[in-house]
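Observations on the model geometry
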Amino acid sequence: MKKIKNMSENNIKSIAVLTSGGDAPGMNAALRAVVRTANHFNINCYGIREGYNGLIAGDVTKMGPRSVKNIINQGGTILKSARSKEFMTPEGRRKAFEQCQKLGIDALVCIGGDGSFTGAKVFNEEYGIRVIGVPGTIDNDIFGTDNTIGYDTALNTAMDAIDKIRDTATSHNRVFFVEVMGRDAGFIALNSGIATGALDILIPERKDSMEDLFSTFRMAEKVGKSSSIVVVAEGEELGSIYDLAKATKEEFPTYDIRVTILGHIQRGGSPSCADRVLASNLGYGAVVGLLEGKNKVMVGMQSNKITYTPIEEAIKKHNEIDKNLIQISEILAM
Ligand code: ATP
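The text that follows walks through the structure, step by step, so that each part is easy to find.

What follows deals with the site of the ligand. Within the structure, the ligand sits among 17 residues, and Arg-83, Ser-84, Gly-113, Gly-115 and Ser-116 are positioned closest to it. Here an oxygen atom of the ligand and a backbone polar atom of Ser-84 are 2.7 Å apart. The protein chains hide 82% of the 630 Å² of surface that the ligand would expose on its own. Of the residues assigned to the shell around the ligand, the class counts are three nonpolar, ten polar and four charged.

Of all five residues that make up strand 2 (residues 44-48), four are buried, and the element is covered over most of its length. Sheet topology note: the strand 1 (residues 14-19)/strand 2 ladder contains five bridges and is parallel. Counterpart to Leu-18 in the pairing with strand 2 is Ile-48. Pairing of strand 2 with strand 3 (residues 60-62) involves three bridges; the strand directions are antiparallel. Note that in strand 3 the partner of Tyr-46 across the bridge is Lys-62.

Here we come to the sheet that holds strand 4 (residues 107-112). One open sheet accounts for seven strands, arranged 3-2-1-4-5-10-11; its pairing is mixed. Looking at strand neighbours, the two that pair on one side only are strand 3 and strand 11 (305-310), the edges of this open sheet. Going from strand to strand, the sheet's axes swing by 25 degrees on average, the running direction of each strand aside. Taken together, the six bridges between strand 10 (residues 297-302) and strand 11 define a ladder with antiparallel strand orientation. Each residue of the ladder has a partner; that of Val-297, found in strand 11, is Pro-310.

Criteria and cut-off values
Residues numbered from 1 in each chain as written. Predicted model: local features only at pLDDT ≥ 70, side-chain atom pairs only at ≥ 80, totals over all residues. Heavy atoms only, no water. Near = heavy atom within 4 Å. Polar contact = N/O pair within 3.5 Å; in protein donor to acceptor, adjacent residues only side chain to side chain. Areas by Shrake-Rupley, 256 points an atom, 1.4 Å probe, with all protein chains shown as cover. Nonpolar A, V, L, I, M, F, W, Y, C, P; charged D, E, K, R; others polar. Buried < 20%, exposed > 50% of the residue type's maximum accessible area, 1.4 Å probe, protein only. Helix = DSSP H or I, 4+ residues; strand = E, 2+ residues; numbered from the N terminus. Pairing = 2+ DSSP bridges. Axes fitted to C-alpha atoms, helices over the stretch in contact; angles between N-to-C directions.

Given below as C-alpha cells:
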C-alpha cells in the first residue's frame, strides 16, 4: 500500500474524536476511519466517551486500529453520544480544555450535527484547539455536504416500514398517516414518500393547508385510489399527526384512518452501504484536513469529492429541499 506522507508541519501529534448530539447509523464507521487514518499518519488518537461530557470529565481512551475492529457494520456509536449542558458553560469548557492540555490534544474531530459544531466553534475561539466537524445526523439538513452520515440508512428504514404499512393499507382500504423523523427538515419525509408512492407528503419547508390535503383525497377518490398513505415530517407546521387525522375523519367520515409514528427505529440499525462509504470518506477527510492545516471547518462530500466548508456556514446555512422533487411527488401520486 502506498503510504501518504504525514504533512505534520502543522504540528498535529495527538487528536481526539467524539460523537455528540443525536446518534446516527454510520457514526461508528466514521470513528473507525478517523482512528485508522490517524494511525496511518502516526498520530495519537483518543476516543472521548459521551460527547462533550466525556471531554469535561476526562472519560477518554487511547484508540488504535484494533479498537475499532468489527464496528463498521454497527449502528449507534461505541463512544456513546450525549447532549452536554455543562459544555454550554464557560466553566465546563475550561475543564474540557484542561483535559486537552493534560493529554496533549492538538485537535478535536467532532462527529455530530450543527449544535455539536457550534460547541466546537466556541471551544476553538476560546482555547485555540483546532476543530473539524463531521456531519453525522439522520436529518440531512447540514449545509456543505450532499448527504449527512445516517441519512441514507434512516431513509431506507422509513421506506421499509412504510412499504409494510402499505401492504396492510391496501388490504383494508385504509388511509394511513405516517410520521417520520425531521423536526426542522423534510428530507426523510419527501424522499421516503416518493419512494413508497405516498398520496401526499407534508414537510415543514412547504406551507400546507387542510384544504389542499382534502382536495388531494378527493382527487384520489376520483382516480379510483382505494387506499392512501400520507407521509408527515415530525416538524410539519400544519398540526400534529393526530390533529391531521382527526380533521380528515371529520371531513371524510367513511374513511378508516390510522396513525403510525415510526419514531426511533429510524435512528437504529446497521448502516447502509452508502452511509459506510460516506463515513469512511469523511473520517479520512477529517484527519487529512487537519494535517493540511484546516481548522474550524466541516468536512463534507459534494459531487463525490471531499470538501471543507467553514464551520460557521455549516451551522448557519441549511441544505435546501429540491422544489422540483415536491412537484414530481405530486404528479406521480395520482
Ligand atoms: P442533532 O442534529 O442530532 O440534534 P446536534 O449536534 O445538533 O445533533 P445538539 O443537542 O444541538 O445536537 O448539540 C450537541 C451538543 O453540542 C450540546 O449538548 C452541547 O454540549 C454542544 N453545544 C451546542 N450548542 C453549543 C453552544 N452554543 N456552546 C457550547 N456547546 C454547545
